[in-house]
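Survey of secondary and tertiary structure
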Amino acid sequence: MTQTVAARRHAELADQIRAHDHAYYVLASPTISDQEYDRLYRELLDLEKQVPELANDSPSQRVGGEPLKAFKPVEHLSPMRSLDNTYSQAEVREFVARVQRLLPNEKLEWTVEPKVDGVAINLRYEHGKFVLGATRGDGTTGDDITTNLRTIRTLPHSLKKPVSELPEVLEVRGEVYLTRAGFLKLNAQREAGDEEPFANARNAAAGSLKQLDSRLVAARPLDVALYGLGHVSESSQIHFADHTSVLRWLKEAGLKIPEKTWRCVSADELIQAIEELDQVRRNFAYETDGAVIKLNSIAQRERIGFTSKAPRWAIAYKYAAEQAETKLRAITIQVGRTGTLTPVAELEPVFLAGSTISRATLHNEDELRRKDIRIGDTVTIEKAGEVIPAVVGVVLTKRTGNEIIFHFPANCPECHSPVVRAVGAEEAGVAWRCVNPECPAQVRGRIEHWCARGAMDIEGGGEVLVSQLVGAGLVRNVADLYSLTLEQLTSLERMGTKSAQNFLDGIEASKKRDLWRVLFGLGILHVGAGAAKSLARHFPNLDAISEVAAIQLTEIDDIGEVIAQSIAQWMHQESNRKLVDRLRAAGLNFNSSIYVPRDAEEQKAFSGKTFVLTGTLPTLKREEAAAKIEAAGGKVSGSVSKKTDYVVAGADAGSKLEKALSLGVLVLDEAGFLKLIDSKVADE
Ligand code: IVH
């Protein structure tokens, strides 16, 4: 075939395939069978193999729709709120009593339905046609993910209802999820392709919806469950008396609704329904993390309304963490970057709360002894949401007598040097530690930590490359990274010129990072990002820190005696001084941009104020929000406590937001946060 003939046939095929893609993804009415489509597609790819430049303008480059540059923000027509949580039957009774007090002497009817553990979405139908789909975002504005949602085959593009029943504009609310089976398959594929598996089905669904290229989304087994309405245009002829009729209508319109719902008239019945749901929810295609209790009557709902975050007429009941039993096959030892030896349970793989678990941390030797965990034991493991699975205890009734007590090794499994009980450390008397600073596990750990996103943020410096670099003897400490050459990198297995150059560019860019990142990246025992920032606020540069004694360091916020000792010791050690000198010679920035001179600190707007950031903010990246807080003298903490002054919450904020609300900590959305900054900075 000549090139011209090939090009002509390619153009024909490309046109046909584009039309079929449109029919399939956009109109949801495929015009040919999958096999027929595959035949056309294969012919197209064959031609592209013969004449590679044909691929430049080909549907093979974009199957599910044009890749997007970024998602467009869209405002919801009515806000998407969240739900308050309850964790006990007593709290459910309290909720019922609370609503009854708001509606005295009225008969109340409730519904119970599964809390689908997916990603909240808002669908807009105009005259019955699906026109827009969005994520929740901050509740007011979400991302336009219409193209991605169109790839979900169970989401109808036209509602199956007579025109008279179709409101001009209708918002339908629900959840996109990945089926349990689909999640397992997807993770197996990712692992086979050397890709990081997703932690759970919800992350996988969220990650899928965030793909800018909908052809990748189309390949993910996503599904939907719709459970409510948002805005319904005024002129609409349809009026719903209760939630039960809303669900019925949605179902008749061709939308998928939650698997099963219960109707209840008392707290006792609600509790029974919650228990029944707990029994059957494991058979559902999606993960559930709770039950949602809703007041059935729409009129009653309207009378009691909403708090700023959630409806007063609905609440979520969260089920306790899921547990499973499995066999402990072996105990292995992991050596961390500070030399700490952590025992790890190697388990017979077991499916738990959405993923297959084969390893769980056993924390330390004391924990192992306290729980009397032996090799060969049947153990109970637990996993709550995204939390790392943990071994809760031994099922003693299943002991056979053949179990083996695990003895901690006397030598490091990596470098074979003798291990010691940690002294003076946080975990004093608990952790075994390898004190050989040259231990390859520690060397690798220190370099990975330096490259990590929260530290120097050097892209590519993950486990695999670092292990290769250390293995090949090219890097022994973080300063060695700064003399790596392109030739050295490309001599490594599976390392192409492009990746090598990217890594070098990342290393170069890291030279400009702020002092606190350097301090954190150095991996000084007990110096986390928080302590590193406190130091960098207090001192203008690294030299100023290395000169002070431990006692002076304890005067700084967040720096206790143990941390102060650790810093002073690190700074005075000859090998570390040499390392710092080499980093300086390589051109790293040792100056602090968040340094606040003493007398200025008192006057800063947020001095002494602690913020916690949670969820995804609509426009600000987390680091940007943190930088604003720190520039105004405030501190950013990772966890919510009574001492927290403000929580800034974005989309999909989870337990931190819940905790803030339960402690009565002030919660701001991004707009509120920006307003607060503006007002404070203006006051200064
Ligand atoms: S109703 C105004 N029903 O859980 C209240 N939400 O933790 C609207 N969710 O934001 C929510 N299943 O994303 C409702 N059957 C269900 C649900 C459900 C899952 C999600 C939803 C909500 C979040 C609150």
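The notes below deal with the structure included here. Here the structure is a predicted model, which is why all the values come from computation and not from measurement. (Residues numbered from 1 in each chain as written. Predicted model: local features only at pLDDT ≥ 70, side-chain atom pairs only at ≥ 80, totals over all residues. Heavy atoms only, no water.)

**Quick word on the pattern of salt bridges**
Enumeration according to the criterion identifies 36 salt bridges in this entry. Lys72 is the partner of Asp144 in a salt bridge, and the nearest nitrogen-oxygen pair spans 3.9 Å. Note that Asp144 is positioned in the loop between strand E6 (141-143) and helix H4 (146-150) and Lys72 in the loop between helix H2 (34-50) and strand E1 (73-75), a separation of 72 residues in sequence. Connected through salt bridges with shared partners, the residues Glu365, Asp366, Arg369 and Arg421 form a single ionic network. (Salt bridge = Lys/Arg side-chain N within 4 Å of Asp/Glu carboxyl O. Helix = DSSP H or I, 4+ residues; strand = E, 2+ residues; numbered from the N terminus.)

**Digging into the site of the ligand**
If you check the shell around the ligand, you find 14 residues, and the closest are Glu113, Val116, Arg136, Tyr227 and Lys294. Within the backbone of Val116, an N or O atom sits 3.0 Å from a nitrogen atom of the ligand. Expressed as a share of its isolated accessible area of 530 Å², the protein-covered part of the ligand is 87%. Its residues assigned to classes, the shell around the ligand shows seven nonpolar, one polar and six charged. (Near = heavy atom within 4 Å. Polar contact = N/O pair within 3.5 Å; in protein donor to acceptor, adjacent residues only side chain to side chain. Areas by Shrake-Rupley, 256 points an atom, 1.4 Å probe, with all protein chains shown as cover. Nonpolar A, V, L, I, M, F, W, Y, C, P; charged D, E, K, R; others polar.)

**Focus on empty space enclosed by the protein**
The tally for this structure, following the rule as stated, stands at one cavity of 30 Å³ or more. One number sums up the size of the largest cavity: a volume of about 50 Å³. Val74, Glu75, His76, Asn122, Leu123, Arg124, Leu132, Gly133, Ala134 and Glu171 together form the lining of the largest cavity. Elements with a minimum of two residues in the lining of the largest cavity: E1, strand E4 (119-126) and strand E5 (129-135). Broken down by class, the residue content of the lining of the largest cavity amounts to four nonpolar, three polar and three charged. (1 Å grid on protein atoms, 1.4 Å probe; cavity = no way out; pocket = protein on both sides within 12 Å on 5 of 7 lines; lining within 4 Å. Points joined across faces, edges and corners; volume = space filled by probe spheres on them.)

**With respect to the pairing of strand E13 (residues 340-352)**
In this structure, strand E12 (residues 322-335) lies alongside E13, joined through seven bridges in antiparallel fashion. Along E13, the bridge assignment pairs Val335 with Leu341. Hairpin connection between E12 and E13: a loop of four residues separates the two successive antiparallel strands, and Gly339 in this loop has a positive phi of roughly 90°. For E13 and strand E20 (residues 432-434), the ladder comprises two bridges, and the chain directions are antiparallel. (Pairing = 2+ DSSP bridges.)

**Details of the nonpolar core**
With 57 residues, the main nonpolar core has Trp450, Leu481, Ile567 and Leu583 as its most contacted residues. At six residues, helix H20 (residues 561-572) tops the list of elements feeding residues into this core. In contact with Trp450, not counting residues within four places along its chain, are Ala455, Met456, Asp457, Ile458, Val478, Leu481, Tyr482, Val518, Gly521, Leu522, Leu583 and Leu588. Formed by 37 residues, the second largest nonpolar core is a distinct cluster that contains Tyr125, Leu166, Val246 and Leu250. (Core = buried A, V, L, I, M, F, W, Y, C linked by side-chain atoms within 4.5 Å. Buried < 20%, exposed > 50% of the residue type's maximum accessible area, 1.4 Å probe, protein only. Contact = heavy atoms within 4.5 Å.)

**Things to note about helix H9 (residues 267-280)**
Spanning 14 residues, H9 covers 20 Å between terminal C-alpha atoms, matching the ideal 20 Å at 1.5 Å per step. Every buried residue of H9 is listed here: Ala267, Leu270, Ile271, Ala273, Ile274 and Leu277. An end-on view of H9 places all buried positions within 160° of arc, on one side of the element. Lining the buried residues of H9 we find helix H3 (89-102), strand E3 (110-116), strand E9 (262-264), strand E10 (288-295) and strand E11 (314-318). (Expected span 1.5 Å × (residues − 1). Arc of directions from axis to C-beta.)

**Considering the state of the cysteines**
Evaluated as defined, the whole model comprises zero disulfides. Free of any disulfide, Cys412 has its nearest cysteine sulfur in Cys415, 3.8 Å distant. Accessibility expressed as a relative area gives 0% for Cys412, which makes it buried. (Disulfide = S-S within 2.5 Å.)

**Thoughts on the packing of aromatic side chains**
Taken as a whole and assessed by the stated rule, the structure comprises 12 aromatic pairs. Measuring from centroid to centroid gives 5.9 Å for Phe306 and Trp313, while their planes differ by 75°, and the two rings are edge-to-face. A relative accessible area of 37% means that Phe306 is categorised as partly exposed. Assessed through its relative accessible area of 13%, Trp313 is described here as buried. The lysine or arginine in question, Arg81, covers the ring of Phe306, its NZ or CZ lying 4.0 Å from the ring centre. Over the ring of Trp313 we find Arg301, and its NZ or CZ is 4.1 Å from the ring centre. (Phe/Tyr/Trp six-rings, centres within 6.5 Å; stacked < 30°, edge-to-face > 60°. Lys NZ or Arg CZ within 6 Å of the ring centre and 35° of its normal.)

**With respect to the side chain of Arg301**
Within the element layout of this structure, Arg301 appears in helix H10 (residues 298-304). For the buried Arg301, no salt bridge is present, and the opposite-charge side chain at shortest range is Glu113, 7.1 Å distant. With near-sequence residues (within four places) excluded, Arg301 lies in contact with His243, Lys294, Leu295, Asn296 and Trp313. (Lys, Arg positive; Asp, Glu negative; His and termini not counted.)

**Here's the deal with the sheet that holds E10**
Pairing in this open sheet of five strands is mixed, and the strands run E2-E11-E10-E3-E9 from one edge to the other. Pairing within the sheet leaves two strands with one partner each, and these edge strands are strand E2 (85-86) and E9. Bridging between E2 and E11 involves two bridges; their strand directions are parallel. Bridge assignment links Asn85 to a residue of E11, and that residue is Ala316. This element, H3, spans E2, E3, E10 and E11 of the sheet and lies at about 175° to E11. Strands in contact with H9 are E3, E9, E10 and E11; relative to E9, the strand with the most contacts, it is inclined by about 165°. (Axes fitted to C-alpha atoms, helices over the stretch in contact; angles between N-to-C directions.)

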